[in-house]
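So you can see what is in the structure, the chains are spelled out below.
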Amino acid sequence: MAYTKIVAAVAASLTMAGAAWAQDYPSRQITMVVPFAAGGPTDTVARLVAEKMSGDLGQQVIVENVGGAGGTLGAGRVAAAEADGYTVLLHHIGMATSATLYRNLAYDTLNAFEYVGLVTEVPMVITARKDFEPTDFAAFQEYVKANADTLTLANAGIGAASHLCGMLLMQALDAPLVTVPYKGTGPAMTDLLGGQTDIMCDQTTNTTQQIKGGTIKAYAVTSPERLDLFPDLPTAAESGLEAMQFGIWHGIYAPKGTPTEATERLSTALQTALADEGVAKAMADLGTAPEPAENATPAALKAKLESEIARWKPIIEAAGVFAD
Ligand code: ASP
């Protein structure tokens, strides 16, 4: 009897502690790790939502760029971080592809994280330096096939979205280009603008201004339909490259064991950020859109990650491109 009372008292006090914790959360700044360099497309998305989430949470959400190893370095940092609700990861489709691309990842993708929600899905554009010869996508394909051994393809490392897109492009054209990895496509874009590299496939969140300004050339998009932003650009699929149809979905994760109260609070803040008109406008200007509230949830992100690992696994295994 006495024992039962003690157990009940302990349980009650733990519940109260949990409730107090939940009420106080967040009581200090939150770090949002972006697994790519500053100035790139993932960084752009993170900074947009972090600012609005800060307003909703009443605490700063600070973006920290931890680039390297195609995004797996930053993801590993968060997997190993304290599960206290004060460290999160904003990653993209690479979270799913790296689970197969790396056979010795430092973390077990499906068991190392809690989920906050989906953020946005961004189309990619196949681009090249400004003075690249081909004038349309058909000519681009011929030119790349004929000059594969001398052309360079920039990417953000194995596991990056630019890597996936480049891999599918090289496969479709049977053209093994020389790939040049960067810590993110922010720095890769600097080299594309400077003409030090020839081709890059990257999100509209990093390429829109340059395409509009004529400082790089664009040939095709990976979305199922043409984009309102660039109606003259064909989809890769309509040009015969059916395998190149995908969006770069982004999600927010927390280390495994992060209290549900925290992930749910973060999810609510994410939904508030995504409902903000300024965020929607900024995203629209960059060729994308916020996910609706029902997708900015832990369950939706978990389901997306699981289905995307299953989608890309056989494709990557057939391509035989592994990082290790
Ligand atoms: N767009 C990059 C990628 O290829 C990453 C980045 O710099 O945001 O995954």
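Residues numbered from 1 in each chain as written. Predicted model: local features only at pLDDT ≥ 70, side-chain atom pairs only at ≥ 80, totals over all residues. Heavy atoms only, no water.

**Student:** Please clarify how the site of the ligand should be interpreted in this entry.
**Tutor:** Around the ligand, the surrounding shell consists of Phe36, Pro41, Thr42, His92, Ala156, Ala160, Ala161, Ser162, Gly184, Thr185, Asp202 and Gln203. The side chain of threonine 42 places a nitrogen or oxygen atom 2.6 Å from an oxygen atom of the ligand. Within the complex, 100% of the 270 Å² of free accessible area of the ligand lies under protein. Elements supplying a minimum of two residues to the shell around the ligand: α2 (41-57), α6 (161-173) and β8 (199-203). The residue inventory of the shell around the ligand, partitioned by class, reads five nonpolar, six polar and one charged. (Near = heavy atom within 4 Å. Polar contact = N/O pair within 3.5 Å; in protein donor to acceptor, adjacent residues only side chain to side chain. Areas by Shrake-Rupley, 256 points an atom, 1.4 Å probe, with all protein chains shown as cover. Helix = DSSP H or I, 4+ residues; strand = E, 2+ residues; numbered from the N terminus. Nonpolar A, V, L, I, M, F, W, Y, C, P; charged D, E, K, R; others polar.)

**Student:** How should I be thinking about the sheet that holds β8 in this particular structure?
**Tutor:** Hydrogen bonds between backbone atoms are what pair the strands of a sheet, whose relative direction is either parallel or antiparallel. One open sheet holds the five strands; their spatial order is β7-β6-β8-β5-β9, and the pairing between them is mixed. Each having just a single partner strand, β7 (178-181) and β9 (216-221) make up the two edges of the open sheet. With direction set aside, neighbouring strand axes in the sheet form an average angle of 30°. In terms of strand pairing, strand β5 (residues 124-129) meets β9 through five bridges, oriented antiparallel. (Pairing = 2+ DSSP bridges. Axes fitted to C-alpha atoms, helices over the stretch in contact; angles between N-to-C directions.)

**Student:** I keep staring at the nonpolar core and nothing clicks. Help me out?
**Tutor:** A general trend in soluble globular proteins is that nonpolar side chains are found buried together. With 53 residues, the main nonpolar core has Phe113, Phe140, Leu177, Ile199 and Tyr253 as its most contacted residues. Looking at this core, the element that brings in the most residues is α6, giving eight residues. Formed by 31 residues, the second largest nonpolar core is a distinct cluster that contains Ala50, Met53, Ile252 and Met283. (Core = buried A, V, L, I, M, F, W, Y, C linked by side-chain atoms within 4.5 Å. Buried < 20%, exposed > 50% of the residue type's maximum accessible area, 1.4 Å probe, protein only.)

**Student:** In this structure, what is going on with the packing of α6 against helix α11 (residues 298-319)? I would like to understand it.
**Tutor:** Packed helix pairs are characterised by how far apart their axes lie and by the angle those axes make with each other. Two elements in contact, α6 and α11, have axes whose closest approach is 12 Å; the angle formed by their N-to-C orientations is 55°. When the axis of α6 is compared with that of α11, the two are oblique. Note that α6 runs across α11; the crossing there is left-handed. Listed contacts from α11 to Leu164, Met167, Leu168 and Gln171 of α6 are Trp312, Ile315, Ile316 and Ala319. Its residues assigned to classes, the contact of α6 with α11 comprises seven nonpolar, one polar and no charged. (Parallel < 35°, antiparallel > 145°, perpendicular 65-115°, else oblique. Left-handed = near helix turned anticlockwise from the far one by under 90°. Contact = heavy atoms within 4.5 Å.)

**Student:** Would you explain unusual backbone geometry in this entry?
**Tutor:** The phi angle of most residues is negative, glycine excepted, and most peptide bonds adopt the trans form. Between tyrosine 25 and proline 26 the backbone carries a cis peptide bond, its omega angle lying at -5°. Relative to the elements of secondary structure, proline 26 occurs in the loop between α1 (2-24) and β1 (30-34). Phi at alanine 69 takes a positive value of approximately 50°, unusual for a residue other than glycine. Mapped onto the elements, alanine 69 comes out in the loop between β2 (61-65) and α3 (72-79). We classify alanine 69 as partly exposed; its relative accessible area is 40%. Backbone geometry at aspartate 174 places phi at a positive 50°, although glycine is not the residue there. Among the structural elements, aspartate 174 can be located in the loop between α6 and β7. The exposed category is assigned to aspartate 174, whose relative accessible area is 68%.

Without other data, these values stay purely geometric and don't point to any function.
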